[in-house]
Amino acid sequence: MLSIRNLHASVEGKEILKGINLDIKPGEVHAIMGPNGSGKSTLSAILAGNEAYEVTDGEVLLDGNNLLELATEERAREGIFLAFQYPVEIPGVSNMQFLRTAVNAMRTHRGKEELSAVEFMKLAKETSKQVDLDPEFLKRGVNEGFSGGEKKRNEIMQALMLEPRIAILDETDSGLDIDALKVVSDGVNALRSPERAVLMVTHYQRLLNHIVPDYVHVLAGGKIVKSGGRELALELEERGYGWLGIKDEVEAS
Amino acid sequence: MVMTKAAPTLNADFLEAAGSNLPSPLQTLLAQRGKALVDMPLPTRRTENWKYSSRYLQLSDAMASALPSGRKAGPALAFDGYHVVIHNGVVVPEASDFPDIDGIEILSFADLDDIAAQQLAERLDNTLDSNAVQMSRLNTARFEDGLFIRLKPNAVMEKPLFVICETDAHATGSVYPRIYVEAGTNSQMTLVEEYMSTGTEPALVNTVSEFSLADGANITSVRLSLEGTNTQHIGATGARLLANARFDSHCVGFGGPLRRHDLQVRLEAAGAECRLNGVAVTQGKQHYDNHTTIEHVAPHCNSEETYRNIAADESHAIFNGRIHIHKDAQKSNANMSNKNLLLSTGAEIDTKPELEIYADDVKCAHGATIGRLDESALFYLVSRGIDRREANTLLSMAFINELIAQIPVEAVRETVQARLNQFIEQTFKGA
Ligand SMILES: Nc1ncnc2c1ncn2[C@@H]1O[C@H](COP(=O)(O)OP(=O)(O)OP(=O)(O)O)[C@@H](O)[C@H]1O
Ligand SMILES: [Mg+2]
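This section reports on the structure supplied with the text.

## Quick look at the sheet that holds strand 4 (residues 54-62) of chain A
All names here are of chain A.
Step number 1: Pairing in this open sheet of four strands is antiparallel, and the strands run 2-1-4-5 from one edge to the other. Of all the strands in the sheet, the pair left with one neighbour each is strand 2 (14-24) and strand 5 (65-66).
Step number 2: As paired elements, strand 4 and strand 5 share two bridges and run antiparallel to each other. Counted as the bridge partner of L62 is N65 from strand 5.
Step number 3: Against the sheet, helix 1 (residues 40-48) engages strand 1 (2-11), strand 2 and strand 4, with an angle of about 110 degrees to strand 1.

Here is the structure:
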């Protein structure tokens, strides 16, 4: 479904991704781990279409089509969803208005009728319960004044409502207390389906106890330096990154 | 070599006799004021309070003639409330309700008896500093009619009064709508002024609206400037407030060839307070200029002012906010904020807060910013599949929603929101 080949990317002239290769098939869950600054968020942002990053080489195919030539909104409609590591606050645009616009944009693209206000509210309320957010939050500005954990739950709620084909979760588990981690992992597990893939960036093995990945990759210095099954995460937890020959800092190149 | 050219003055034709249908005290006033204005210099770029706007002012001799009042019914508004239609500056009784409410008089100037007209003639302009609002003097020399509203003490108008000022610009000319509201002790009303025009000939709309608030009076004023593309608008609003009176103003303006609004509020006795909200949006080569002055004359008064501009394309928006705290006005609270959103590099925004504080025990805060749409917010929205144009519109509306949400009349709020949304969406055509 998603195929990343020899992806190189830089920002402000500095090369950050140095040849990423990754194949993701429907139904699979991939975890990406790796030290701070290794390029995990960069990879996620590039997949979503953030133009701050320049792809200098390589390609990304979604179902065999060139993903990189699509605008961000087109990628989203084709099924790419990124749960941001740091979701922005947008005062003045209510969550309700935002979600409804997004859901209807997706539906229109998929040839379905737009939801009426009533239908939308029903769906939004149900989904907000699923991620344990008070439906009152729908009236507030997008992420405005949300706690870190609420922002992450809002990201999962959006994924549930927008029904992507591939959900990229950038540290959606960071900063969550134990109960919230459970809520978020339940949400991610609810997303799992034979047609949908999940790519999660995480620093913690604990998430992987709730969401069992099919593959674990270690991204360091802009490259995937090791891939394995879920047992790799346990090993990383125990031994750190040192045994892979990686310092916990980004290597200077 | 620098050529010095005499500043252009008001053409004598602009001062031709007006108001022949009015009671004689008002005719006398018009004639006197007209005489005093002969040779009044027009604003130029060297006129401080017009320096950004004088170049948009395009008065021609042909515009000196008053547009005839057709006594036509204006477009009926479905809004719930009372309606008065002013067509080319003249009240149209056939198209207006003059509700019979205890303690409330609503009359056209033409219908005033001589005593009431004499009293009014003495009051007109008493809420405005006509040195600072030069062009209001033209109105006081040229109005053909006007709307007079008197609220007796404790009178409450339950529903809003809509004053629809329509300019019929199928011919070139000028119109001078005039409103005077005298609000007695503890009286209350909401007045919605709506300025619109039909036709595409060059026209000048020169308005003055005044509000005199006695102790404890509470007025909400909504002012919508919605005229068409060839209509120049120079409007002034004045309000003076006595003890514990409250004046709430919501101005929403769409840009045009020249759009100018001066708002002057005087807080003259303790406990008076005002809230002034304003939104102006401009696109293409449009212009909008808001000049506001708040005079804290008495101690213990509050003012809260929030203006927002959105300028797209090659348009030009101006905000000048003056707060003057007089030396006896101790314990004044004054907050002023002006935020501006530039939607293109070709657009221009000029913002200037002017604070003059002569009392020492006051709380006064002000801020002005000019910014652009937040790229990360835009990315967030489009990453959810939202169309780029819609995302831009959502973010621009987010910049003003907070002010629109405060317009207390629901039907107006919704209409204004829809129109703003449509206007802003247009500016993202190419996006
Ligand atoms: N817009 C930018 N401008 C300059 N440098 C950037 C930019 N974005 C990312 N970088 C740099 O690229 C490198 C990779 O950053 P990235 O955010 O992808 O790391 P990460 O693996 O997600 O780290 P973390 O685990 O801390 O979230 C870092 O050195 C970062 O400073
Ligand atoms: Mg990161």
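## Here's the deal with the packing of helix 5 (residues 388-404) of chain B against helix 6 (residues 410-427) of chain B
All names here are of chain B.
Step number 1: For the pair helix 5 and helix 6, the least separation of the axes is 9 Å and the interaxial angle reads 145 degrees. Relative to helix 6, helix 5 is oriented so that their crossing is right-handed. Side by side, helix 5 and helix 6 meet where R389, T393, S396, M397, I400, N401 and I404 of the first sit next to R413, V416, Q417, L420, N421, I424, E425 and Q426 of the second.
Step number 2: Here the contact of helix 5 with helix 6 is built from residues that sort into six nonpolar, six polar and three charged.

## Thoughts on the site of ligand 1
Residue and element names in this part refer to chain A.
Step number 1: Around ligand 1 sit 16 residues in total, of which I16, G37, K40, S41 and T42 are the nearest.
Step number 2: One of the backbone N or O atoms of S41 is found 2.8 Å from an oxygen atom in ligand 1.
Step number 3: The protein chains hide 69% of the 630 Å² of surface that ligand 1 would expose on its own.
Step number 4: Contributions of two or more residues to the shell around ligand 1 are made by strand 2 and helix 1.
Step number 5: Top contributing element to the shell around ligand 1 by residue count: helix 1, with three residues.

## Some words on the coordination of the magnesium ion (ligand 2)
Residues and elements named next belong to chain A.
Step number 1: Protein coordination of the magnesium ion (ligand 2) is provided by S41 (OG) and Q85 (OE1), with donor distances spanning 2.0 to 2.2 Å. Of the two residues, S41 sits in helix 1 while Q85 sits in the loop between strand 6 (80-83) and strand 7 (90-94), which places them 44 residues apart along the sequence.
Step number 2: Classification of S41 by relative accessible area gives partly exposed; the value is 28%.

## A look at helix 4 (residues 117-130) of chain A
Residue and element names in this part refer to chain A.
Step number 1: With 14 residues, helix 4 should cover 20 Å at 1.5 Å per step; its first-to-last C-alpha distance of 20 Å lies within 8% of that length.
Step number 2: What helix 4 keeps buried is the set F120, A124, T127 and S128. The arc enclosing the buried residues of helix 4, seen along the axis, measures out at 100 degrees, which places them on a common side. Of the residues in helix 4, the exposed ones pointing more than 90 degrees away from the buried face are V118, K122 and K129.
Step number 3: Where the residues of helix 4 are buried, they touch helix 3 (95-109) and helix 5 (148-162).
Step number 4: Downstream of helix 4 by a residue or two, D132 has a phi angle that is positive, lying close to 60 degrees.

Calculation rules
- Residues numbered from 1 in each chain as written.
- Chains lettered and ligands numbered in written order.
- Predicted model: local features only at pLDDT ≥ 70, side-chain atom pairs only at ≥ 80, totals over all residues.
- Heavy atoms only, no water.
- Pairing = 2+ DSSP bridges.
- Helix = DSSP H or I, 4+ residues; strand = E, 2+ residues; numbered from the N terminus.
- Contact = heavy atoms within 4.5 Å.
- Axes fitted to C-alpha atoms, helices over the stretch in contact; angles between N-to-C directions.
- Left-handed = near helix turned anticlockwise from the far one by under 90°.
- Nonpolar A, V, L, I, M, F, W, Y, C, P; charged D, E, K, R; others polar.
- Near = heavy atom within 4 Å.
- Polar contact = N/O pair within 3.5 Å; in protein donor to acceptor, adjacent residues only side chain to side chain.
- Areas by Shrake-Rupley, 256 points an atom, 1.4 Å probe, with all protein chains shown as cover.
- Donors = N, O, S within 2.8 Å, 3.2 Å for Na, K, Ca; no water.
- Buried < 20%, exposed > 50% of the residue type's maximum accessible area, 1.4 Å probe, protein only.
- Expected span 1.5 Å × (residues − 1).
- Arc of directions from axis to C-beta.

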